[in-house]
Each structure stands twice: as C-alpha cells, then as structure tokens.
Amino acid sequence: MKISLFRNKSNRNRRQQKDRSGLWFKIFLVVASTVAIVYFMPRDSRFDYIYDEGKPWRYGQLIAPWKFPVYKTDSVLIREQDSIVRHFQPYYNVNTRINDSALEVLNRRKENMASSLMDYYAQRIGSLLDTVYSRGILSMEDVDELNKKGHNAVRVIRNNVARSVYVKDLFSTRSAYEYVVKADTSVLRLSVLQQFNIIDLVQPNLVNDVTKSSVEVEALRQSVSGARGMIQSGEKIIDRGEIVTAEKYEILRSMAQESRKYDSVGEDVPYKLISP
C-alpha cells in the first residue's frame, strides 16, 4: 500500500514537471514570435527605402497603405506658378491730386508772365496736360519693371473701379512730356513752351497698389495645385526588379513625404511590403 502511494505521488510530480516544461516552452514561443514580428516590421512610420531613379527596385512589392497625392517637384511647381503670374495685371491707383497740382503750377507761371500770348499757351498746355493725365502716366521705373516682368497690361483703379489697360496705351513721364511739346508744333513754338518748364508739370499719376497686387499674386500662386494626381489605397506602387522610372520616383518621393507627416503626429504607417 505504501509503495502504491509513493508511485502515485512520483507520477504526479513527473506530470507537473512536464506541464511546467510545456508551459515555459509555450511562453518561449510566444515571446520569440513577438520579438521576430517586432524585429521584421517597420520600426516606425519612416520611409526607409533606398532607391535611385533608373535603377531596379531592390525590395518586395510595395503597396500604397493609404490614399496620397503625387506631389510636383519644387521646380515644376515654381515654373507653373511663374507662368500664371506672368498673366497677372498689377493694380495702379489714379492720384488725381497730381493733375490738379500741375494745373495750379501752370497757372502761377502764367500769371508771372502776364501776357495774352502766355495766356493762350497756358490754356493749350493745360488742355494737353488733361489729356495725358486722363490717360495715365507711369514712372520710368514702373515702365521698366513692367517690361522686365513681361506685364503688357495693368489694372487702373479710378473711382473704385478697376479697368484693364495695355501698358502701351499709357504714358511714361518721357512720352507724356514729348506729347505735350510736340502735339501742336504748327501753332505752339518750342521756345515759348520751354518757358513753362513743362518737364516739371509732367509727373506720374499712376501709383502701384503694392498691397493689393501682392495679395492677388499670392492668391494666384496658391491656386496652382501642388499635386499632379492621386495614388489610391491598395494600389501597387512598384515590385522587386522593376526599374524606378521618373514617374515611379516621384510617386515614391511623395509617399516618403506623406510618411513624414505621419511621423510629425506620431502615427504609424502600415506599409504593405510583399516579398515574392
């Protein structure tokens, strides 16, 4: 009887030891599997692939984990923005005080001359000044800047109404002066005109509205989309051995750019990299 009890107790001990060994082995398998999974999965949301345009893709098949835009390169985006800005028409305000001031100076000079001939000349000069100021006078600096940037038209704001006008239809200070002194040479002698010092009477009355122009230019730049297309979630990007073409390169670059956004907010990207 004592021998039987001893044998039963010994058998129970062996079974317990075996159960404990099996339990530890299962725990080991779980831990080892977890370590392996963690080791082989991406450490974080960084896009850690190394690739070169024109070279084969060295990794497995890459699937888009989410929908993302294909961004234009900086050079392409700037070129498209510059193209649309070239068609922009800068805003110019009309300063009516310039015309009024010129006529006041003209009248004072006429009074100092005090002759019927000078009265006639002053009247004719005043009419010619009204013509050039009515059309609009640009400074030589503004004319050079408009030509440099390729703007062939501007928007002239008069009484809160903007009207598109070709630059060629406006006067510069030089052309306005030439117009006044040469408009009526059959009647008005240059020697008499010069006594009125007309060059001082011709000043720019069109003033660039820098703030309004800058706001609209920025709005035009922002209207140019920074992306040229979209990649859908689940769409194949590239597979092992495929050549990284220029198009694929831009897609991969865009995917890397999107992954950095996930990094900035601390979210993991579930990349789908499928090995053959």
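Student: Explain the overall build of the protein to me, please; I cannot follow it from the model alone.
Tutor: Summing up its helical and strand segments, the protein has 9 helices and 11 strands in all. Expressed as a percentage of its 276 residues, the buried residues of the protein come to 32%. A fraction of 82% describes how many contacts in the protein between residues 6 or more apart in sequence connect residues 24 or more apart.

Student: Looking at this structure, I do not really get the sheet that holds strand β3 (residues 91-94). What am I missing?
Tutor: Think of a sheet as strands paired side by side through backbone hydrogen bonds, with each pair either parallel or antiparallel. Spatially, the 4 strands line up as an open sheet ordered β6-β5-β3-β8, and their pairing is mixed. In the strand order of this sheet, the two ends are held by β6 (161-166) and β8 (206-208), each with one partner. Geometrically, the sheet is characterised by an average inter-axis angle of 35° between neighbouring strands, direction not taken into account. As paired elements, β3 and β8 share 3 bridges and run antiparallel to each other. Its bridge partner lying in β8, tyrosine 92 is registered against asparagine 208.

Student: In this structure, what is going on with the nonpolar core? I would like to understand it.
Tutor: The nonpolar side chains of a soluble globular protein tend to be buried, and buried together. One finds Ile125, Leu129, Val132, Phe196 and Ile198 to be the most contacted residues of the largest nonpolar core, which totals 23 residues. When residues of this core are traced back to their parent elements, those giving at least two are α3 (96-113), α4 (116-135), α6 (173-182) and α7 (190-193). With near-sequence residues (within four places) excluded, isoleucine 198 lies in contact with Ile125, Tyr177, Val180, Val181 and Leu193. Core analysis: the next-biggest nonpolar cluster, separate from the first, contains 17 residues, Tyr49, Trp57, Leu62 and Ile251 among them.

Student: Just checking my understanding: could you explain the packing of α3 against α4 for this structure?
Tutor: To characterise two packed helices, one gives the angle between the axes of the helices and the distance between these axes. At a minimum axis distance of 10 Å, the contact between α3 and α4 shows a crossing angle of 170°. With respect to α4, the axis of α3 lies roughly antiparallel. Judged by residue contacts, Ile98, Asn99, Ala102, Leu103, Leu106, Lys110 and Met113 of α3 engage Met118, Asp119, Ala122, Ile125, Gly126, Leu129, Asp130 and Tyr133 from α4. Class assignment of the residues belonging to the contact of α3 with α4 gives a composition of 10 nonpolar, 2 polar and 3 charged.

Student: Where do I start with a nonpolar patch on the surface in this structure?
Tutor: Nonpolar side chains collect at one region of the surface, where Leu117, Tyr120 and Val187 lie side by side and expose about 250 Å² of accessible area between them. Turning to its location among the elements, valine 187 is positioned in the loop between α6 and α7. When its relative accessible area of 40% is taken as the criterion, valine 187 is described as partly exposed.

Student: Is there a simple way to explain the side chain of serine 172 in this structure?
Tutor: Take serine 172: it is sitting in strand β7 (residues 171-172). Among the residues examined, serine 172 registers a relative accessible area of 11% and is labelled buried. Those residues in contact with serine 172, other than ones at most four positions away along the chain, are Ile137, Leu138, Met140 and Val143.

Student: I'm lost on the confidence of the model for the protein in this one. Help?
Tutor: It should be kept in mind that the predicted coordinates are not to be read in detail where pLDDT is low. Averaged over all residues, the pLDDT of the protein equals 83, while 78% of them reach at least 70. Contacts of residues 35-45 to residues separated by more than four positions or lying in other chains number 10 contacts, the stretch itself having pLDDT below 50. Note that pLDDT drops below 50 for residues 271-276; the model gives that stretch 23 contacts with residues more than four away or on any other chain.

Rules used throughout
Residues numbered from 1 in each chain as written. Predicted model: local features only at pLDDT ≥ 70, side-chain atom pairs only at ≥ 80, totals over all residues. Heavy atoms only, no water. Helix = DSSP H or I, 4+ residues; strand = E, 2+ residues; numbered from the N terminus. Buried < 20%, exposed > 50% of the residue type's maximum accessible area, 1.4 Å probe, protein only. Contact = heavy atoms within 4.5 Å. Pairing = 2+ DSSP bridges. Axes fitted to C-alpha atoms, helices over the stretch in contact; angles between N-to-C directions. Core = buried A, V, L, I, M, F, W, Y, C linked by side-chain atoms within 4.5 Å. Parallel < 35°, antiparallel > 145°, perpendicular 65-115°, else oblique. Nonpolar A, V, L, I, M, F, W, Y, C, P; charged D, E, K, R; others polar. Patch = residues over 30% accessible without salt bridge, like charges linked within 9 Å, V, L, I, M, F, W, Y side chains within 5 Å. Areas by Shrake-Rupley, 256 points an atom, 1.4 Å probe, with all protein chains shown as cover. Salt bridge = Lys/Arg side-chain N within 4 Å of Asp/Glu carboxyl O. pLDDT = per-residue confidence, 0-100.

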